[in-house]
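Each chain is listed here by its residues.
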Amino acid sequence: MRIVVQRVSRASVRVAGQPVAGIGPGLLLLVGIEQGDRREQVERAAHRMATLRVFEDARGHMNLGLHEVSGEVLVVSQFTLAGSIRRGRRPDLANAARPEEAEPLIEAFASALRDKGAAVQCGVFRAHMEVELVNDGPVTFVWDDPPL
């Protein structure tokens with residue numbers, strides 16, 4: 001499981017030109033599910049994202065989490081994160097989980113974040129999405145949790 005975590009001022013998703021999700025300040029989470037990923041990884045990732053302290057306090061230090069800043073979360077499935085561009089000219093996407101395996105894990109991830117008190121919106125699985133964001137900082141991290 002690979003997640004690109006971006007602290008944003010705002011982020012939104014459109015499908016076929018129509019808005020489907022949008023948040024104000026918070027986290028945009030681009031989530032790639034890999035073959036072999038399991039529910040345990042989803043739970044670990046949700047806990048980490050819900051408690052991650054990447055928002056600035058009054059002194060400008062990253063000491064605050066989503067709850068302290070009333071931040072929101074936008075979860076966007078992105079199977080290309082499971083790919084590799086190390087060799088050749090075409091991305092190798094063989095490590096990406098099949099859609100029927102990935103979709104329930106994406107849904108479980110969003111649900112686990114909600115269970116931890118996060119306000120969560122989601123992109124549309126398997127849709128061609130336009131993701132727009134204003135990265136705040138910029139602050140970007142990558143969470144990797146290899147399949148068990």
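This is a predicted model, so every value here is computed, not measured.

## Some details on the environment of Leu133
- Its place among the elements puts Leu133 in strand S8 (residues 129–144).
- Look at Leu133 and you get partly exposed, because its relative accessible area is 32%.
- For the pair Leu133 and Cys122, spaced 11 residues apart in sequence, the C-alpha separation works out to 14 Å.
- When near neighbours in sequence (up to four residues on either side) are disregarded, Leu133 contacts Gln6, Val8, Arg10, Ala11 and Leu28.

## Side note on unusual backbone geometry
- Here Gly137 and Pro138 are connected by a cis peptide whose omega angle stands at -5°.
- With respect to the helices, strands and loops of the structure, Pro138 is situated in strand S8.
- Despite not being glycine, Ser70 has its phi angle at roughly 55°, a positive value.
- Mapped onto the elements of the fold, Ser70 is located in the loop between helix H2 (66–69) and strand S6 (72–77).
- Looking at Ser70, the relative accessible area reads 63%, which means it is exposed.

Rules behind the numbers
- Residues numbered from 1 in each chain as written.
- Predicted model: local features only at pLDDT ≥ 70, side-chain atom pairs only at ≥ 80, totals over all residues.
- Heavy atoms only, no water.
- Helix = DSSP H or I, 4+ residues; strand = E, 2+ residues; numbered from the N terminus.
- Buried < 20%, exposed > 50% of the residue type's maximum accessible area, 1.4 Å probe, protein only.
- Contact = heavy atoms within 4.5 Å.

The quantities given are spatial measurements derived from coordinates; they are silent on function.
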